[in-house]
Amino acid sequence: TTAGLQVLREAIAGWFERRYGLPRLDPETEVLPVNGTREALFAFAQAVVDPTATGAGERPFVVMPNPFYQIYEGAALLAGAEPHFLDTTAANGFLPDLEAVPARVWDRCQLLYLCSPGNPAGAIMSVDYLRRAIALAAKHDFVIAADECYSEIYPDEHAPPPSLLQAAHAAGHAGFERCVIFHSLSKRSSLPGLRSGFVA
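Let me begin by describing the structure that accompanies this report. (Residues numbered from 1 in each chain as written. Predicted model: local features only at pLDDT ≥ 70, side-chain atom pairs only at ≥ 80, totals over all residues. Heavy atoms only, no water.)

### Quick word on the sheet that holds strand E6 (residues 179-184)
Read from one edge to the other, the open sheet built from seven strands follows the order E1-E7-E6-E5-E4-E2-E3, with strand pairing classed as mixed. The strands lining the two open edges of the sheet, one partner per strand, are strand E1 (32-34) and strand E3 (82-87). Neighbour-to-neighbour, the strand axes of this sheet turn through a mean angle of 20°, independent of strand direction. Of the pairings in the sheet, the one linking strand E2 (residues 61-66) to E3 comprises six bridges and is parallel in character. Note that in E3 the partner of Pro65 across the bridge is Leu86. Of the strands in this sheet, E1, strand E4 (109-115), strand E5 (143-147), E6 and strand E7 (197-199) are in contact with helix H2 (residues 37-48), which crosses E6 at around 160°. Sitting on the sheet, helix H3 (residues 70-78) touches E2, E3, E4 and E5, and the angle it makes with E2 is about 165°. (Pairing = 2+ DSSP bridges. Helix = DSSP H or I, 4+ residues; strand = E, 2+ residues; numbered from the N terminus. Axes fitted to C-alpha atoms, helices over the stretch in contact; angles between N-to-C directions. Contact = heavy atoms within 4.5 Å.)

Structural data, given as structure tokens:
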């Protein structure tokens, strides 16, 4: 019901093609406008997490950076999952240390929230970093929700932050399996009251 106008979805698909050098996304099946990215990040966990899937009385994990945008934790808890926090510190370049996560955590993970550029530290995930996350998602059967709401705020005009979709395409995932990204006009266009964003 929030599919919006065809011309809007076409514009979003065109922006991804220009900004990230991706093949054109299908505006009918790969792009969705949302009434605020916060709501989309929350609703996505409700759609993806199955609290009954792990069995043995264990709740699934939703893995997220720490510190984090508060909606990640709230979405995980209300979806019936257990938040698992990956501390981002100066020692790890303010990026979640994916390799330090035990396999037993990844095995119970159903959703991984990533944020690049990160909030609040601003660390940027490289394509190689994002490809490692995609490989873990494929191995352990979880979905990545990449919060890219700050993608157009960066200091070096010659080095814009990459997207999870770029990393998926570079890894040969033409269908962007297990990858969903979230963008917002609030930050990049100074339009926080418009409640306008999109998912791809």
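### Here's the deal with the nonpolar core
Counting residues in each nonpolar core, the largest one holds 39 residues, and the members touching the most others are Phe16, Trp106, Ile144 and Leu165. Of all the elements in the fold, those that place two or more residues in this core are helix H1 (6-20), E2, helix H4 (103-108), E4, helix H5 (127-140), E5, helix H6 (164-170) and E6. Top element by residues in this core is H5. It accounts for six residues. Those residues in contact with Leu165, other than ones at most four positions away along the chain, are Phe16, Leu22, Leu25, Phe176, Cys179, Ile181 and Ala200. (Core = buried A, V, L, I, M, F, W, Y, C linked by side-chain atoms within 4.5 Å. Buried < 20%, exposed > 50% of the residue type's maximum accessible area, 1.4 Å probe, protein only.)

### Points about empty space enclosed by the protein
Using the criterion set out here, one finds two cavities of 30 Å³ or more in the structure. Looking at the largest cavity, its volume works out to about 100 Å³. Every residue lining the largest cavity is counted, 13 residues in all, and those nearest its centre are Pro65, Thr88, Phe94, Gly118 and Asn119. Among the residues forming the lining of the largest cavity, the class breakdown is 10 nonpolar, three polar and no charged. Reported here for the second largest cavity is a volume of approximately 40 Å³. Along the walls of the second largest cavity sit Leu114, Ser116, Met125, Leu130, Ala146, Glu148, Pro162, Ser163 and Leu164, which together make up its complete lining. (1 Å grid on protein atoms, 1.4 Å probe; cavity = no way out; pocket = protein on both sides within 12 Å on 5 of 7 lines; lining within 4 Å. Points joined across faces, edges and corners; volume = space filled by probe spheres on them. Nonpolar A, V, L, I, M, F, W, Y, C, P; charged D, E, K, R; others polar.)

### Quick word on H1
Its 15 residues place the ends of H1 21 Å apart at the C-alpha level, agreeing with the 21 Å of an ideal helix rising 1.5 Å per residue. Within H1 the residues assigned to the buried category are Arg9, Ile12, Ala13, Gly14, Trp15, Phe16, Arg19 and Tyr20. Contact partners of the buried residues in H1: E1, H6, E6, helix H7 (185-188) and E7. Positive phi appears at Gly21, one or two residues downstream of H1, with a value of about 65°. (Expected span 1.5 Å × (residues − 1).)

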